[in-house]
Amino acid sequence: MPLPLLPSALADSFARDRLPPPEQWPELVFDLPELRFADQLNCAAALLDARVARGDGQRLAVQGEGVRWTYAELQAQVNRIANELVHGLGLVSGNRVLLRGANTPMLAACWLAVVKAGGIAVGSMPLLRAKELKQIVDKAQISHALCDARLAEELQLARADGGAASLREVVLFHGDAPDALEARAACRSDHFAAATTSADDVCLMAFTSGTTGTPKATMHFHRDVMAACACWPVHVLRATRDDVFIGSPPLAFTFGLGGLLLFPMSVGASTVLIEKATPDTLPAAIERYRATVCFTAPTSYRAIALALSNGGPKHDLGSLRKCVSAGEALPAATRKLWRDTTGIEIIDGIGSTEMLHIFISADEAHARPGATGTPVPGYRACIVDDEGRQLPPGQVGRLAVKGPTGCKYLADERQRQYVQNGWNLTGDAYLIDTDGQYVYQARTDDMIISGGYNIAGPEVESALLLHPAVAECGVIGVADADRGQIVKAFVVLKAGHEADETMTKALQDFVKQSIAPYKYPRAIEYLAQLPRTETGKLQRFRLRQPA
Ligand code: 3UK
């Protein structure tokens with residue numbers, strides 16, 4: 001049963017008033033001693049002020065293009081921005097603040113300032129257009145926006161004709177206007193006492209990447225942020241204060257927020273925030289900053305490794321120590337390719353916006369090709385059938401998890417789908433194998449049913465990726481009069497390979513030889529690239545739409 005909530009300390013009760021009703025909450029589990037937090041908790045103060053108070057002020061905190069801030073410098077900048085928010089822009093605790101920008105030290109400082117001031121940070125993906133921004137502003141009733149000047153246009157469009165009406169204040173940064181955020185903050189004191197928030201006060205709203213449907217806002221508490229820092233990073237990642245974090249996921253995506261800001265701060269390490277971290281630019285940045293811990297998506301590891309082995313520019317990745325993959329299933333072929341190229345065993349982990357971060361994972365020593373891992377300490381998981389009954393090992397069913405964090409949608413009927421009987425149901429089909437490892441099958445709604453067989457698209461993708469001509473691929477089910485559905489593969493070939501009948505036959509035979517023959521793709525279509533979200537997820541629904 002849900003815990004009784006601590007009284008809120010926020011002046012604006014918008015978020016508290018829109019939490020799911022008690023009976024729709026996931027059960028929360030706090031069985032690790034380190035998950036007992038004080039009733040009064042501000043996570044920005046816990047991550048930043050406590051670090052400086054501990055004597056780490058002179059240690060490097062964050063780097064980016066032309067920026068190198070120690071923890072003390074970051075704290076001073078955060079305090080100036082927080083003062084401007086409260087004293088210049090009239091922010092009241094509990095107000096929602098839209099953050100818009102590519103990953104930069106300034107964006108990170110804005111996130112910390114909003115949360116330290118008791119505001120609620122709402123990240124937005126840099127590529128969002130006016131229509132999507134308007135949806136976010138309206139849904140979260142956002143009052144303030146801190147926006148990179150180079151991304152201001154779509155936000156202005158969202159406000160045209162009286163749109164996004166709740167948005168009172170928009171301040172730009174990285175611009176040269178006299179009223180830019182940097183200039184305003186420079187006039188403010190670099191001392192700011194953190195808002196005294198309750199551990200159960202919302203500090204962050206994350207909109208789901210939503211491959212389909214209208215966006216949902218997940219809400220997380222100050223305590224949730226600290227719980228995420230106490231579980232996976234401590235028990236699986238095990239980074240140290242000397243690590244240098246780097247990677248591609250946007251800070252608006254909780255994979256990036258945790259991996260590139262919260263987790264490095266929680267151990268006193270430093271982070272590198274770069275605006276464009278594509279497979280073309282990430283290797284050079286790793287070399288330049290001598291990064292040691294990298295966060296990116298499976299396709300990005302594959303693309304980097306392929307480029308290195310195909311005579312692309314040679315970058316020294318020798319500083320890397322730990323590589324984390326999430327967002328999508330990590331194919332065994334990609335794990336092997338990365339190990340062959342860099343000597344590093346990838347740490348795979350499944351997380352979700354609803355759960356805040358990773359809840360099933362395996363460290364380098366326990367990594368097994370094709371499996372995600374085991375529940376992270378602090379979390380429990382099981383596989384259930386459609387009626388919620390627990391299934392024995394070996395059977396495919398729905399993944400169910402619970403832990404110190406969980407799904408709390410902002411006023412959304414879909415809460416009943418994600419949370420059932422106290423368990424969070426992620427929408428993934430999984431099985432537990434004989435050694436207790438959780439093995440990803442597919443998104444539950446992506447299972448292909450062909451001629452009475454259940455076929456998981458990602459398994460066929462993994463088989464195809466092992467073929468030397470295949471750069472990338474995506475597999476879906478398409479309607480078929482005889483079989484209900486047939487397996488169809490969309491394939492991107494590596495340079496120098498011909499998309500023709502011979503290739504199709506070769507790929508089909510290749511799949512039949514490595515997995516059960518009935519799973520082979522009866523149809524293959526060649527594409528120049530696959531449709532992906534900004535976070536690297538394959539958009540299978542777009543493959544399903546007829547060209
Ligand atoms: C899929 C995975 C297999 C899975 C996320 C780490 O991806 C994140 O959040 P989203 O809300 O999507 C969640 C869904 O993505 N997925 C993620 N990781 C894996 N499938 N293996 C994986 N390793 O379908 C899940 O339900 O965008 C990931 C940390 C924070 C995150 N928000």
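Predicted model, so just to flag it, every value in this text is computed and none were measured.

Novice: Even after reading the chapter, I still don't get the environment of Gly427, so can you show me in this structure?
Specialist: By secondary structure assignment, the location of Gly427 is in strand β19 (residues 423-432). Overall, Gly427 belongs to the partly exposed group, its relative accessible area being 22%. C-alpha of Gly427 to C-alpha of Asp446: the two residues are 19 residues apart in sequence and 9.7 Å apart in space. Not counting the four nearest positions on each side in its chain, Gly427 is found in contact with Arg443 and Thr444.

Novice: In this structure, what is going on with the pattern of salt bridges? I would like to understand it.
Specialist: When charged atoms on two side chains of opposite charge get close, those side chains can pair. Here the structure, examined in full by the defined rule, presents 43 salt bridges. Note that Glu461 is salt-bridged to Arg540, the shortest N-O span being 2.8 Å. With Glu461 in helix α15 (residues 457-465) and Arg540 in helix α17 (residues 540-544), this residue pair connects regions lying 79 residues apart in the sequence. For the pair Glu461 and Arg540, one class covers both residues: buried.

Novice: Would you mind showing me how to read the pairing of strand β8 (residues 217-221) here?
Specialist: For a regular strand, side chains alternate in direction, first toward one face of the sheet and then toward the other. Counted residue by residue, β8 has five buried out of five residues, so it is predominantly covered. Sheet topology note: the strand β7 (residues 202-207)/β8 ladder contains five bridges and is antiparallel. Counterpart to Val202 in the pairing with β8 is Phe221.

Novice: Teacher, can you tell me more about the sheet that holds strand β24 (residues 484-493) here?
Specialist: Pairing between the strands of a sheet comes from backbone hydrogen bonds, and it takes one of two forms, parallel or antiparallel. With mixed pairing, the three strands of this open sheet are ordered in space as β23-β24-β25. The sheet terminates laterally at β23 (470-480) and β25 (523-526), the two strands that pair on one side only. Each neighbouring strand pair of the sheet contributes to a mean axis angle of 25 degrees, computed without reference to strand direction. One ladder, built from four bridges, connects β24 with β25; its direction is parallel. Considered in β25, the bridge of Lys488 is made with Ala523. Sheet strands in contact with α15 are β23 and β24, and its direction is about 145 degrees off that of β23. Its contacts with the sheet place helix α16 (residues 501-514) against β23, β24 and β25, and it is angled at close to 125 degrees to β25.

Rules of the game
- Residues numbered from 1 in each chain as written.
- Predicted model: local features only at pLDDT ≥ 70, side-chain atom pairs only at ≥ 80, totals over all residues.
- Heavy atoms only, no water.
- Helix = DSSP H or I, 4+ residues; strand = E, 2+ residues; numbered from the N terminus.
- Buried < 20%, exposed > 50% of the residue type's maximum accessible area, 1.4 Å probe, protein only.
- Contact = heavy atoms within 4.5 Å.
- Salt bridge = Lys/Arg side-chain N within 4 Å of Asp/Glu carboxyl O.
- Pairing = 2+ DSSP bridges.
- Axes fitted to C-alpha atoms, helices over the stretch in contact; angles between N-to-C directions.

By themselves, these are just geometric observations and shouldn't be taken as functional.
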